[in-house]
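Residue-level structural notes
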Amino acid sequence: MPGLPLAGTEDVLVWKTWSHGALAQGITRVYGVGGQPPERGLVRWGSRATTVDYPPVAIYSLAAAGALYRLHSPAFADSRWLNVAVKLPGLLAEAALAALLWSVVRRRYGAPAGRWAAAAYWANPAMILAGAVLGYLDPLMALPAVAALVAVALPLVAGGLAAIACLTKAQAVLVVPAVAIGVWNASSFGRRGRSLLAAGSATVVSAAIVLPFVAAGAWRNLVQGVGSLLRHDMLSGNAANAWWIVTYLLRAVYAVHDLGAWGAWTMTVRILAVSRFVAIGYPNPRPLAMAAVAATAAWTLGRVRQAVRMPPLAAAAAVIVHAYFVLGLQVHENHLYLAVPLLAAAAAVQPDLRPVLIAVSSVFALNLYLFAGFGRDFPLPPRNVTLIDETVLLAVANCAVFVWHARRFAAAAAADARATAA
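Quick look at the structure, then. (Residues numbered from 1 in each chain as written. Predicted model: local features only at pLDDT ≥ 70, side-chain atom pairs only at ≥ 80, totals over all residues. Heavy atoms only, no water.)

1. Structural notes on the overall build of the protein
Helix and strand counts for the protein come out as 17 helices and four strands. Its C-alpha radius of gyration of 22 Å places the protein within 12% of the 22 Å reference for a compact globule of 422 residues. Dimensions of the protein, computed from C-alpha atoms along their principal axes, come out at roughly 65 × 55 × 45 Å. Sequence-distant contacts, at least 24 apart, represent 75% of the contacts inside the protein between residues at least 6 apart. Charged side chains of the protein number 31 positive and 15 negative; the gap between the two group centres comes to 11 Å. (Helix = DSSP H or I, 4+ residues; strand = E, 2+ residues; numbered from the N terminus. Rg over C-alpha atoms; globule rule 2.2 N^0.38 Å. Contact = heavy atoms within 4.5 Å. Lys, Arg positive; Asp, Glu negative; His and termini not counted. Charge placed at Lys NZ, Arg CZ, Asp CG, Glu CD.)

Below, the structure written as structure tokens:
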């Protein structure tokens, strides 16, 4: 992949620091060890020092990549090869997910559908930009998350894979309800038993992953570190969504006095903190955002509550991911990633969803490009060619695409329910 040696986003520097810190300080010490209250650990690489807030599986993967790179550079010197090393786990996960989509969809629904699913994911420009070029870790989470949906007929496998996904990146929790429905509906016999097997498997796998941290006295430090993800102080973390529109409107209204109407409404938009939003007199938006995502998820799951096939379950999970991206708070530009492989799996069998996949992929690719370009090796693209910041226009378009996505999903779910009943 030509994109692997590129510098990627600022996050790639964080992955390098975590990778080196896990090797130099020990994986079980990256979140800190002990303390009352729990200390917050710092990992170091050269002059850089940062805390860790991703779950343990991501750290295990980066440590493995770092160990491989250290064979080339014992001093862990920064280089293009280090870029390749920290991006390599994501690339391998992408390849494995493409192979999984091809194999499962081909076997269940025919060779043309299998080829379509794999190509729609693997050759998707948004996936190439997010993974090989910019270096986000979402592929590491997407592989076990989608695999869990595929494996709902095997509750022990599905539960374990769901646990691995959630302990790689927290967004995987958005797929868990669809997995639970799939496990429940896989057979009309022994539903409670299968659900308990899946839950037990998830518990055992989770315990095995975190046991080294418990043994090292770092369990509470791990919880504190990963829990900090919930405390990010921003309405939107560069996600072109409903809260980015709110950010634009508020910043423009308050800037008119200093910049004039033209300058205020055509300025480049910056992230707005939740604390600032509340300080100027607005209610805490967190409950509203959570309720909006939860209500959309409940509506979505209600339409596949009897589903037994993978495509409608994957389509439902994609809607929930998209709802989180559009309606959720403190969402980042890469958090729409998981919707794409889920839609690829569903749209391969439900052709009415293929235009939705194209639209969601386009929104995701533009969101990444406008905020991150092609990474630190290149200048960022201009955002005011259209006078109003292009990310705001994209946010409006994304909200419209989400409504259309939900409507297309509802129609496809109803068609699947009729076909299943017949």
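2. Quick look at helix α14 (residues 310–327)
Spanning 18 residues, α14 covers 25 Å between terminal C-alpha atoms, matching the ideal 26 Å at 1.5 Å per step. For α14, a buried count of 17 out of 18 residues is recorded, marking the element as mostly surrounded by other parts of the structure. (Expected span 1.5 Å × (residues − 1). Buried < 20%, exposed > 50% of the residue type's maximum accessible area, 1.4 Å probe, protein only.)

3. Remarks on the pattern of salt bridges
What the rule picks out here adds up to five salt bridges. Residue K16 is joined to D78 by a salt bridge in which the shortest nitrogen-to-oxygen separation is 2.7 Å. Of this pair, K16 sits in helix α1 (residues 10–25) while D78 sits in the loop between α2 (56–72) and α3 (80–109), placing them 62 residues apart in sequence. With relative accessibility at 2%, the residue K16 sits in the buried group. A salt bridge links R309 to D416, with the shortest nitrogen-to-oxygen separation between them at 2.6 Å. Residue R309 is found in the loop between α13 (286–302) and α14, and its partner D416 is found in helix α17 (residues 390–421); the two are separated by 107 residues along the sequence. Overall, R309 belongs to the partly exposed group, its relative accessible area being 27%. (Salt bridge = Lys/Arg side-chain N within 4 Å of Asp/Glu carboxyl O.)

4. Re the environment of G114
In this structure, G114 sits in helix α4 (residues 111–122). G114 sits twelve residues away from W102 along the chain, and the two C-alpha atoms are 4.3 Å apart. When residues no more than four places from it in sequence are discounted, the contact partners of G114 are L101, W102, V105 and R106.

5. Describing the packing of aromatic side chains
Within this structure, the stated rule accounts for 14 aromatic pairs. Ring geometry for Y69 versus F76: centroids 5.4 Å apart, planes at 85°, classification edge-to-face. What makes F76 buried here is its relative accessible area of 3%. With a centroid separation of 5.0 Å and 25° between ring planes, the pair formed by F277 and Y282 is classed as stacked. Three or more aromatic residues link up through ring pairs in this structure, and these residues are W15, W18 and Y54. The ring of W102 has R106 sitting right over it, with the charged end atom 4.3 Å from the ring centre. Above the plane of the ring of W116 lies R354, whose end atom (NZ or CZ) is 4.2 Å from the centre. (Phe/Tyr/Trp six-rings, centres within 6.5 Å; stacked < 30°, edge-to-face > 60°. Lys NZ or Arg CZ within 6 Å of the ring centre and 35° of its normal.)

6. A word on the nonpolar core
In this structure, L149, L338, L342 and F364 are the most contacted members of the largest nonpolar core, which totals 95 residues. Of all the elements, α14 adds the most residues to this core, at 14 residues. Ignoring anything within four residues of it in the chain, the contact list for L149 reads V175, A178, V179, M310, L313, A314, A317 and L342. Counting residues in each nonpolar core, the second largest holds 31 residues, with A58, L82, V86 and A218 among its members. (Core = buried A, V, L, I, M, F, W, Y, C linked by side-chain atoms within 4.5 Å.)

7. Thoughts on the side chain of D138
Considering the arrangement of structural elements, one finds D138 in helix α6 (residues 138–150). Overall, the relative accessible area of 2% leaves D138 in the buried class. Within the local environment of D138, its side chain forms a polar contact with the side chain of N334, the two groups lying 2.9 Å apart. When neighbours within four sequence positions are excluded, D138 is seen to be in contact with K169, N334 and Y337. (Polar contact = N/O pair within 3.5 Å; in protein donor to acceptor, adjacent residues only side chain to side chain.)

8. Here we look at a nonpolar patch on the surface
Residues L249, V253, Y254, V256, W265 and Y282 make up a contiguous nonpolar surface patch of about 520 Å² in total accessible area. With respect to the helices, strands and loops of the structure, L249 is situated in helix α11 (residues 242–265). (Patch = residues over 30% accessible without salt bridge, like charges linked within 9 Å, V, L, I, M, F, W, Y side chains within 5 Å. Areas by Shrake-Rupley, 256 points an atom, 1.4 Å probe, with all protein chains shown as cover.)

9. Re the environment of P381
Note that P381 resides in the loop between α16 (354–372) and α17. Sequence separation between P381 and L370 is eleven residues; the distance between their C-alpha atoms is 6.2 Å.

10. Some details on the packing of α2 against α3
Think of two packed helices as two axes; the pair is described by the angle between the axes and how far apart they sit. At a minimum axis separation of 8 Å, α2 and α3 run at an interaxial angle of 150°. The hand of the α2/α3 crossing is right-handed. From α2, S61, L62, A65, L68, Y69 and H72 reach across to α3, where they touch W81, L82, A85, V86, L88 and P89. Considered class by class, the residues forming the contact of α2 with α3 number ten nonpolar, two polar and no charged. (Axes fitted to C-alpha atoms, helices over the stretch in contact; angles between N-to-C directions. Left-handed = near helix turned anticlockwise from the far one by under 90°. Nonpolar A, V, L, I, M, F, W, Y, C, P; charged D, E, K, R; others polar.)

11. As for the side chain of S236
Checked against the element boundaries, S236 lands in strand β3 (residues 236–237). Using a relative accessible area of 0% as the deciding quantity, one classes S236 as buried. Within the local environment of S236, its side chain forms a polar contact with the backbone oxygen of A239, the two atoms lying 2.7 Å apart. At 3.4 Å, the side chain of S236 and the side chain of N241 are in polar contact.

12. A closer look at unusual backbone geometry
The omega torsion of the bond from Q36 to P37 falls at 5°, within 30 degrees of zero and hence cis. Along the chain, P37 falls in the loop between α1 and β1 (43–45). At F76, a position not held by glycine, the phi torsion is positive, near 55°. Examined against the element boundaries, F76 turns out to sit in the loop between α2 and α3. Its identity is not glycine, yet Q330 carries a phi of approximately 50°, on the positive side. Counting through the fold element by element, Q330 comes out in the loop between α14 and β4 (331–332).

By themselves, these observations are geometric and do not establish any function.
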